[in-house]
Amino acid sequence: MNIMNKKYITISCLFYLIFIVSCMAQPNAVLTEPKEKKEEVKTEKKIETSIINRTVKIAAQENFIIINNKKYPASKLLNSFYKSRKFNLAWFKSNLEPRKAFFTYLKLLKNADYEGLNPDFYYFQEIEDNILELEKLSGNDLILRVIQIDLLVSNSNLQYFSDLLFGRYELGPNFSELSYSEPYINLVSIINKSIKTNNFNSALKIILPESRVYYSLREALKGYETISANGGWQPVPPGPTLKKGARNARIVFLKHRLYASGDLRLYANQNPEQYLNNNLYDDQLFTAVSEFQKRHGLKQDGEVGTNTLKALNVPLDYKITSIKINLDLWRKLPKNLGEKYILVNVPAFKLYGVENNQKTLDMRVIVGRLDWNTPVFSEYMEYVVINPFWNIPSSIFVDEVLPEIKKDPDYLKKKNIEIVSLSDAAVESSEYVNWYEVDPKNFNYRLRQKPGAANPLGKLKFMLPNKHSVYLHDTPTKSLFNRSNRRFSHGCIRVEHPLDLADFVFNDDNNWDAQKVQNAINSGVSNNVYLKQPIPVHILYFTVWVEDDGSIHFRDDVYNFFGGNSSSGANTI
């Protein structure tokens, strides 16, 4: 479909050409007849505005624009953008010369790969090609192409800034609750101001995430793309576990692999070629393997066994893709996560407490099993339960508790579990219940385990009311925190140091210090303590991040949310 009526274009452009030719033939006319100049400029503007207006309206209706006979998806903001400019050109002056902002934006777009995005997503090459063609055009062809380029650059800028603000990639339903909006950010206004001032850096400060981790990830991406440009790394051949003191031809591959990723650091007086081609597994290599294992969440034994070998041989392209995905995840989050907040990173099995942009709390957590995924979402923690009851979910009652009761009539008594009516929460006697005839669908009671040593919620439960019924809690089973892969719960999050978390949560409440919390626990009485100020809790899913020391860490895609793209070895694309 043509973007405009050819006859209309020809007539409009003819008037414009007559204006240009008349000015060229009578150079003094502009000086001696200012009134005529004003009318001519007005005519020029009218032609320009009419053509853009018609083109943009069609784009808005069809959801695409046509530039040089090629279709491009139109930004939803394209019509609003030109309407705000009264349908005047944005990137070109009325004399068809590009504005300075045109070249500034192209330079910015050329470096889109710094953000983990491809410049050609936003028509960088097409814009350059069309600019080069302008020299070959004249008359109405030149005018039309300038208008088309203006539309293409505007479309490019709107889409690029939108992706920087809201994220580009569709990551599926598991991330649907990360679709946060920033209603106070007006992209049309931001871009107009950037064009006027020829300053896009101010716009980026408004649009991009505020987190230090985001900018550290950008630098890490540059580093890994440099490794790729330098030839990447070769896989380490399979074989028996490699240990310190061994001599093996595979050790040469191992040294080269760890040297390429920066885990193996050579001393100033070492000859790189001589050391890297030596097949001895020495202390220096042992340290490098341990560092690699730390960065990938593996057991730090300094040995190259099955899991470490698998992580070593994840292709470099997959790591680069993982960094790009995680950059996009940051863009999908609110710019400001809160002055004080809790962040749980599921693939890392870690919880962090952050206050005034400083990480003040760092502990291990246990998350949901593969069949009980811990969901990705954000909510506010409102209160803490001291000595909580455990209300046994119906699914756990059916699948796990009821079979045990049928095996052992004293199971409820041994586990300190009581029956509670659904209507008034009164405790009922289990004496007369025939568990062999219980139909879970018609069971008008619920089971709850009383506070005590056997209660799976431990001594503290941290409540953030949400549709997933997920919360943070203590656990009596501490040994599981020593596992490198900590997927053991039914979706809720077990915390390694609940008293430290309580101290973080209550540290601005003078009524609840560490000693008072401990005294309340010792009382054995169940008690709900509401926070003076609810705290944001972000349960997120980062498989790559950068620590404060600058080291980049990779983890498995533990729930296969990214289609198997793994950074540490358990799953690969």
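These numbers come from a predicted model, not from an experiment.

## Let's talk about the overall build of the protein
Scanning the protein for helices and strands turns up 19 helices and 17 strands. In the protein, buried positions account for 49% of the 573 residues. For the protein, contacts bridging at least 24 residues in sequence account for 68% of all contacts bridging at least 6. Surface exposure of the protein reaches about 29000 Å², of which carbon and sulfur atoms provide 49%.

## Considering the packing of aromatic side chains
Geometry of an aromatic ring pair is reported as the spacing of the ring centres plus the angle between the planes. Applying the stated criterion across every chain yields a total of 24 aromatic pairs. With 5.5 Å between their ring centres and 50° between their planes, F92 and F102 make a pair best called tilted. Taken together, the positions of F92 in the loop between α4 (78-84) and α5 (100-110) and F102 in helix α5 put the pair 10 residues apart, joining distant regions of the chain. Neither residue differs from the other here; F92 and F102 are each classed as buried. Here the aromatic residues W91, Y105, F121, Y122, Y160, F161 and F200 are joined through ring pairs into a cluster of three or more.

## Section: the pairing of strand β15 (residues 527-540)
Every regular strand shows the same layout, with side chains that alternate between the two sheet faces. Of the pairings in the sheet, the one linking strand β3 (residues 340-345) to β15 comprises 4 bridges and is parallel in character. Counterpart to L343 in the pairing with β15 is H538. Sheet topology places strand β6 (residues 377-386) next to β15; 9 bridges connect them, and they run antiparallel. Within β15, the position partnered with Y380 by the bridge is P536.

## Notes on the nonpolar core
Counting residues in hydrophobic clusters, the biggest one holds 125 residues, and the most contacted among them are W91 and F161. Among the elements that line this core, the one with the most residues is helix α7 (residues 139-166), at 12 residues. Apart from residues no more than four positions distant in its own chain, F161 is found in contact with L108, L187, I191, F200, A203, L204 and I207.

## Some words on the pattern of salt bridges
This structure, assessed with the given rule, holds 22 salt bridges. The partner of D508 in a salt bridge is K340, and the shortest N-O contact between them spans 3.9 Å. Of the two residues, D508 is situated in the loop between α18 (498-506) and α19 (514-523) and K340 in strand β3; the sequence distance between them amounts to 168 residues. A relative accessible area of 12% means that K340 is categorised as buried. Residues joined in a network through salt bridges with shared partners are K350, K359, D362 and E547.

## As for helix α11 (residues 249-260)
Among all positions in α11, only R250, I251, V252, L254, K255, R257 and L258 are buried. For α11, the N-terminal cap is N248; the gap from its side-chain oxygen to the backbone nitrogen of R250 is 2.7 Å. Immediately downstream of α11, the backbone of G262 shows phi near 90°, a positive value.

## Topic: the packing of α18 against α19
Packing of α18 against α19 brings their axes to within 10 Å, and their N-to-C directions diverge by 125°. It follows that α18 is oblique to α19 by the angle criterion. For α18 against α19, the interelement crossing comes out right-handed. The residues of α19 that touch α18, namely those facing L499, A502, D503 and F506, are A514, V517, Q518 and I521. Split by residue class, the contact of α18 with α19 holds 6 nonpolar, 1 polar and 1 charged.

## Overview of the confidence of the model for the protein
Looking at the protein, the pLDDT average stands at 86 and 87% of residues meet or exceed 70. Low confidence marks residues 1-41, where pLDDT is under 50. Its contacts with residues over four positions away, or in another chain, come to 36 contacts. This stretch, residues 568-573, has a pLDDT under 50; its non-local contacts, to residues over four places away or in other chains, come to 24 contacts.

## Some points on unusual backbone geometry
For residues other than glycine, phi is negative in most cases, and the peptide bonds are mostly trans. Phi at Y123 is positive, roughly 65°, even though this residue is not glycine. By secondary structure assignment, the location of Y123 is in the loop between α5 and α6 (124-133). Since its relative accessible area comes to 7%, Y123 is described here as buried. Of note in this structure, F349 is not a glycine but carries a positive phi near 55°.

Thresholds, definitions, all that
- Residues numbered from 1 in each chain as written.
- Predicted model: local features only at pLDDT ≥ 70, side-chain atom pairs only at ≥ 80, totals over all residues.
- Heavy atoms only, no water.
- Helix = DSSP H or I, 4+ residues; strand = E, 2+ residues; numbered from the N terminus.
- Buried < 20%, exposed > 50% of the residue type's maximum accessible area, 1.4 Å probe, protein only.
- Contact = heavy atoms within 4.5 Å.
- Areas by Shrake-Rupley, 256 points an atom, 1.4 Å probe, with all protein chains shown as cover.
- Phe/Tyr/Trp six-rings, centres within 6.5 Å; stacked < 30°, edge-to-face > 60°.
- Pairing = 2+ DSSP bridges.
- Core = buried A, V, L, I, M, F, W, Y, C linked by side-chain atoms within 4.5 Å.
- Salt bridge = Lys/Arg side-chain N within 4 Å of Asp/Glu carboxyl O.
- Polar contact = N/O pair within 3.5 Å; in protein donor to acceptor, adjacent residues only side chain to side chain.
- Axes fitted to C-alpha atoms, helices over the stretch in contact; angles between N-to-C directions.
- Parallel < 35°, antiparallel > 145°, perpendicular 65-115°, else oblique.
- Left-handed = near helix turned anticlockwise from the far one by under 90°.
- Nonpolar A, V, L, I, M, F, W, Y, C, P; charged D, E, K, R; others polar.
- pLDDT = per-residue confidence, 0-100.

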